[in-house]
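Close look at the chain arrangement
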Amino acid sequence: MTVKEIEQLLEESLKSLPDCRVRDAMHYSLLGGGKRIRPLLLFYALNGYGVDEKAGIPFATGLEMIQTYSLIHDDLPAMDNDDLRRGQPTCHKKFDEATAILAGDGLLTEAFYQCARSDQPAERVVKCISILSEMAGPAGMVYGQCLDTLENPQYDWDMLKKVHRYKTGCLLASPLMMAAVLAGKDDAVVSKWQKIGFELGLAFQIQDDILDETKSAAELGKSNSDERNHKVTSVSLLGMERAKQVMEQLYEGCCTEMEQMGDFDATEICGFVRRIAARQM
């Protein structure tokens, strides 16, 4: 599955919704660019197990809707108060705050409708929806957002890792875990993928911190609200060189763990992870 094909799936997923300002805002944010890392992880993991990519389409669509809703809400004045996302005005700047809130609510709800449309065995569909609910909800990504909004937090490295595990790692673990479920793997294997996803999320967030320090907002296509909001980052805690070293070790560690998974061909997904590790935006 290519990024272009994923974009087409996302475009199609909104066509049946009533024509209104909220749908326009949902479309603006969902189709406003992005790396589509989470859907791609799902498809690459399915490929590694030899499972038809079509099995993952509803879950990839729902996952990207949840990712987009989280960004819409994260950009709001009550959260990070960002004006720029993917080189374009954030949703509340393009429309208004009320519409942005409703667009986020709409994407979150629609995500589970998309997942429920899957034609896979019922027990696997329920398990995937359960995983996505847990990883996106108050025991997952929302919990990470809560930790991240603590006023003037005096974070040490362990606390910052906890924030990144939940805020970023949960939604990167989800596609790997769901792919294992769709491939018929047991809970022990799903748990291994969750661990890999958490490590991948930490590496990804450290990389974001590094890029925020070394690239301009124009180059990144987004505002650097961490600096403006005086947030602790991996770079401010570890220093630039140590942060780079930890990031590289985590990415390579993820690949090593994937290569050691039984009956799984990690060639494609590890190539993708290494491309992520080399990203400059």
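Let me sum up the structure you'll find in this document.

Conventions used here
- Residues numbered from 1 in each chain as written.
- Predicted model: local features only at pLDDT ≥ 70, side-chain atom pairs only at ≥ 80, totals over all residues.
- Heavy atoms only, no water.
- Core = buried A, V, L, I, M, F, W, Y, C linked by side-chain atoms within 4.5 Å.
- Buried < 20%, exposed > 50% of the residue type's maximum accessible area, 1.4 Å probe, protein only.
- Helix = DSSP H or I, 4+ residues; strand = E, 2+ residues; numbered from the N terminus.
- Contact = heavy atoms within 4.5 Å.
- Phe/Tyr/Trp six-rings, centres within 6.5 Å; stacked < 30°, edge-to-face > 60°.
- Axes fitted to C-alpha atoms, helices over the stretch in contact; angles between N-to-C directions.
- Left-handed = near helix turned anticlockwise from the far one by under 90°.
- Nonpolar A, V, L, I, M, F, W, Y, C, P; charged D, E, K, R; others polar.
- Arc of directions from axis to C-beta.

This brings us to the nonpolar core. Soluble globular proteins: nonpolar side chains tend toward being buried together. Among the nonpolar cores identified, the biggest contains 85 residues, and Trp193, Ile206, Met258 and Ile269 are the most heavily contacted of them. In terms of residues, this core owes the most to one element, helix α9 (residues 157–182), which gives 15 residues. What isoleucine 206 contacts, discounting residues up to four positions off in sequence, is Trp157, Ser234, Ala243, Val246, Met247 and Leu250.

Evaluation of the coordinates by the stated rule reveals 6 aromatic pairs. Pairing tryptophan 193 with phenylalanine 264 gives two aromatic rings, centres 5.0 Å apart and planes at 75°, and the pair type is edge-to-face. Linking tryptophan 193 in helix α10 (residues 187–214) with phenylalanine 264 in the loop between α14 (240–259) and α15 (267–277), this pair joins segments that are 71 residues apart in sequence. The burial state of tryptophan 193 is the same as that of phenylalanine 264; both residues are buried.

Between helix α8 (residues 141–148) and α9, whose axes approach to 7 Å, the crossing angle comes to 145°. Two packed elements cross with a definite hand, and for α8 against α9 that hand is left-handed. For the pair α8 and α9, contact is made by Met141, Tyr143, Gly144, Gln145, Leu147 and Asp148 and by Met159, Lys162, Val163, Tyr166, Lys167, Cys170 and Leu171, respectively. Of the residues contributing to the contact of α8 with α9, the split by class is 8 nonpolar, 2 polar and 3 charged.

A few words on unusual backbone geometry. Glycine aside, residues mostly have negative phi, and peptide bonds are mostly found in the trans state. Backbone geometry places arginine 36, a non-glycine residue, at a positive phi of 55°. Taking relative accessible area as the criterion, arginine 36 reaches 1% and is therefore assigned buried. For arginine 86, which is not glycine, the phi torsion reads 55° and is therefore positive. Positionally, arginine 86 belongs in the loop between β1 (84–85) and β2 (88–89). Exposure remark for arginine 86: the relative accessible area of 26% places this residue in the partly exposed category.

Moving on to α8. Those residues of α8 lying buried are Met141, Gly144, Gln145, Leu147 and Asp148. For α8, the buried positions fall inside an angular range of 160° around the axis, keeping them on one side.

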